[in-house]
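# Structural overview
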Amino acid sequence: MEDTDFAKIGDNELVELSLKDNDNFYYLLHRYEKKLFYYIKRLLNIDDHLAEDVLQEVFLKVYLNLNDFNPDYKFSSWIYRIAHNESISHYRKTKNQSKDINIDDPKYIDLLKETKCFREEYEKKELGRDVSQVIETLPEKYKDVIILRFLEEKDYEEISDILKIPEGTVATLLNRGKKIFKERAKELIDLT
Amino acid sequence: MKDISKDLIKKIKAEHIKPTPKWHFLLRKSIIFTLFALSVIVGGFSISVIIFLTKNQYWDVSPRIGGGFFHLLLLSIPYFWIILTFLFIFLAYHYFKNTSGGHKFELWHVITLCISLSFLIGSLAYIAGGPRRFNHFSQQAPPFMHQLMMEDNVWSRPDDGLLAGVVIEQTSDDLITIKDLKNNIWTVDISSSIWMGKGNNPVGKRVQIIGRKVSDQKIEAFEIRPDRKFEFDF
């Protein structure tokens, strides 16, 4: 089958095809490779090399658990869930090691635009660096939902499936997370 | 960025890695669901025992006990079963959250569901007589020791006119002799008493007596009832 054909096939069907022939699994992984690579980098603030290692572990787990995928849910939610769990697992193993803040991700700027009241001030500064710094200071539970909502652009249902929490809780965490984000962003402005 | 997808496919082929079989996940899901169901059932049974113990408490004699109703209430709270109920409702909640789609429900929805199911099962078990049979069967089991101690506490109060024991002799139509819970022998005047479930031969029956202490080792009975612990037939 040509690559162009695979591009038209849905995730669920690709899962079925991957179970029949592991060559097909490549097309499924390829679809999510970049997305998950950046997601892991954002979540863990790690360098490319480490992010690739984590991603490889994620993909291996996806393959091993292919039979556990429930087609009633979105495949993207399921694979993000595995990536999230693997990232948490990696974080726990390495949490005592120092981390460098990632300032290169342009998507942080989009998040900043959500907090309209500070938009103008931040646009004058190094937006990516500041937003990244603020996100890094957020408690994990808020950081998770904010990254998924604003950087990964997932809807509430998907976030609920990825983090295994009710949609109502997603909404609550997002609201509180945004408030904390604004407060911390303001503190950062006051400092500079 | 290296081509991780391609590298992984190579690894899968080289190491002959296979996806975990479907039955493995089905088994795990079945175990979780079974544990959830068992937790609800055990929680329900605990609730039925609580209903049973509460309903069969000796509320009518509370005025005779020092401290009255609240004293009796504190004495009669089935702490073991309440803790057991909470424990199994928590376990039911935990297992439910781990079922497929369980995460979609809010905390209070799941707790309400677990409690409702447990109450439903508990009420059905109570109606079916489950805890009564269990109570009779496990008189000496630790969870019921509290209940037995409670009964000792209520029915070993001759000064308050409360006494329980075994009828060891009927000396006349008006007098019987009983051995109480502490193995003391009492003569009981039954001439003006109401005796529920007396039968033809009361000797050997376990009874609870409500009356008035007349003198050392003698009590005048107003009401005699079968000891509830021993009134159930199998």
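Residues numbered from 1 in each chain as written. Chains lettered and ligands numbered in written order. Predicted model: local features only at pLDDT ≥ 70, side-chain atom pairs only at ≥ 80, totals over all residues.

## Some thoughts on the overall build of chain A
Scanning chain A from terminus to terminus reveals 11 helices and zero strands. Listed by position from the N terminus, the elements making up chain A come as α-α-α-α-α-α-α-α-α-α-α. The burial tally for chain A puts 35% of its 192 residues in the buried class. Of the contacts formed within chain A by residues at least 6 apart in sequence, a portion of 64% connects residues at least 24 apart. (Helix = DSSP H or I, 4+ residues; strand = E, 2+ residues; numbered from the N terminus. Buried ≥ 20, exposed ≤ 12 C-beta atoms within 10 Å, placed from the backbone. Contact = placed C-beta atoms within 7 Å.)

## Overview of the overall build of chain B
The helix and strand tally for chain B stands at seven helices and seven strands. Written out in order from the N terminus, the α and β elements of chain B read α-α-α-α-α-α-α-β-β-β-β-β-β-β. The proportion of buried residues among the 234 residues of chain B is 28%. Counted over contacts in chain B with a minimum sequence separation of 6, partners at least 24 positions apart contribute 65%.

## Comments concerning the environment of isoleucine 115 of chain B
Inspection of the secondary structure puts isoleucine 115 of chain B in helix 5 (residues 107–127). Between the C-alpha atoms of isoleucine 115 of chain B and valine 40 of chain B, which are 75 residues apart in sequence, the distance is 8.0 Å.

## Brief notes about the confidence of the model for chain B
Detailed reading of the predicted coordinates is not advisable wherever pLDDT falls low. All names here are of chain B. Per-chain confidence: chain B averages 80 in pLDDT, with 79% of residues scoring 70 or above. At the level of individual helices and strands, chain B shows its lowest average pLDDT in helix 6 (residues 130–137), which scores 59, and its highest in strand 4 (residues 185–189), which scores 91. Interface confidence for the predicted complex, expressed as ipTM, amounts to 0.71; the pTM equals 0.68. (pLDDT = per-residue confidence, 0-100.)

## Some points on the interface of chain B and chain A
Put simply, an interface is often sized by how much accessible area is lost when its parts join up. On the chain A side, the residues contacting the 21 residues of chain B number 27 residues. Those elements that place two or more of their residues in the side of chain B that touches chain A are helix 1 (4–14) and helix 2 (22–55) of chain B. It is helix 1 of chain B that contributes the most residues to the side of chain B that touches chain A, eight residues altogether. Partitioned by chemical class, the residues of the side of chain B that touches chain A number 10 nonpolar, four polar and seven charged. (Nonpolar A, V, L, I, M, F, W, Y, C, P; charged D, E, K, R; others polar.)

## Some details on the nonpolar core
In globular proteins that are soluble, nonpolar side chains generally tend to be buried together. Ranked by internal contacts, the top residues of the largest apolar core, which has 47 residues, are Leu36, Ile40, Leu55, Val58, Phe59, Ile79 and Ala83 of chain A. For this core, the secondary structure elements donating two or more residues are helix 3 (25–44), helix 4 (48–64), helix 5 (75–94), helix 8 (127–137), helix 9 (140–151), helix 10 (156–163) and helix 11 (167–191) of chain A together with helix 1 of chain B. Setting aside its immediate chain neighbours within four residues, valine 58 of chain A contacts Leu36, Ile82, Ala83 and Glu86 of chain A. Counting 21 residues, the second largest nonpolar core, distinct from the first, contains Val49, Trp81, Ala92 and Tyr93 of chain B. (Core = buried A, V, L, I, M, F, W, Y, C linked by C-beta atoms within 7 Å.)

## A look at helix 9 of chain A
All names here are of chain A. Over its 12 residues, helix 9 extends 15 Å from the first C-alpha to the last, a length consistent with the 16 Å expected when each residue adds 1.5 Å. Residues Tyr142, Asp144, Val145, Ile146, Ile147, Leu148, Arg149 and Phe150 constitute the buried set of helix 9. The first or second residue beyond helix 9 is glutamate 153, which carries a positive phi of 55°. (Expected span 1.5 Å × (residues − 1).)

## Quick word on the pairing of strand 6 (residues 206–215) of chain B
Bridging between strand 2 (residues 162–170) of chain B and strand 6 of chain B involves five bridges; their strand directions are antiparallel. Looking across to strand 6 of chain B, one finds that alanine 164 of chain B is bridged to glutamine 208 of chain B. (Pairing = 2+ DSSP bridges.)

## With respect to the packing of helix 4 of chain A against helix 5 of chain A
Residue and element names in this part refer to chain A. Contact geometry of helix 4 with helix 5 gives a least axis separation of 9 Å together with a crossing angle of 130°. Compared by their axis directions, helix 4 and helix 5 come out oblique. Crossing geometry of helix 4 relative to helix 5 is assigned as right-handed. On the side of helix 4, the interface is formed by Val54, Glu57, Val58, Lys61 and Val62, while helix 5 contributes Ile79, Ile82, Ala83, Glu86, Ser87 and His90. A per-class count over the contact of helix 4 with helix 5 returns six nonpolar, two polar and three charged. (Axes fitted to C-alpha atoms, helices over the stretch in contact; angles between N-to-C directions. Parallel < 35°, antiparallel > 145°, perpendicular 65-115°, else oblique. Left-handed = near helix turned anticlockwise from the far one by under 90°.)

## Focus: the pairing of strand 2 of chain B
All names here are of chain B. Sheet analysis places strand 1 (residues 156–157) next to strand 2, joined by two bridges and oriented antiparallel. Bridged to serine 156 within strand 2 is leucine 163. Connecting the antiparallel pair strand 1 and strand 2 is a turn made up of four residues, with glycine 161 showing a positive phi of about 85°. Judged from the five bridges that link them, strand 2 and strand 3 (residues 175–180) form a sheet pairing that is antiparallel. Within the sheet, the bridge partner assigned to valine 166 lies in strand 3 and is lysine 179. The hairpin formed by strand 2 and strand 3 contains four residues between the paired strands.

## A look at helix 1 of chain B
All buried positions along helix 1 of chain B are accounted for by Ile4, Ser5, Leu8, Ile9 and Ile12 of chain B. Buried residues of helix 1 of chain B fall within an arc of 135° about the axis and therefore sit on the same side. In helix 1 of chain B, those exposed residues whose orientation departs by more than 90 degrees from the buried face are Lys10, Lys13 and Ala14 of chain B. On its buried side, helix 1 of chain B packs onto helix 3 and helix 4 of chain A. (Arc of directions from axis to C-beta.)

## Brief notes about the confidence of the model for chain A
Confidence in the prediction for chain A averages 82 pLDDT; 79% of positions are at 70 or higher. Within chain A, no element has a lower average pLDDT than helix 7 (residues 119–123) of chain A, which sits at 50, and none a higher one than helix 10 of chain A, at 94.

## With respect to the packing of helix 2 of chain B against helix 5 of chain B
The axes of two packed helices give the description: the angle between them and the distance between them. All names here are of chain B. The contact between helix 2 and helix 5 brings their axes to 7 Å, and the two run at 55°. Relative to helix 5, helix 2 is oriented oblique. Note that helix 2 runs across helix 5; the crossing there is right-handed. Across from Val40, Ile41, Gly43, Gly44, Phe45, Ile47, Ser48, Ile51 and Phe52 in helix 2, the residues of helix 5 making contact are Cys114, Leu117, Ser118, Phe119, Ile121, Gly122, Ser123, Ala125 and Tyr126. Its residues placed into classes, the contact of helix 2 with helix 5 shows 12 nonpolar, six polar and no charged.

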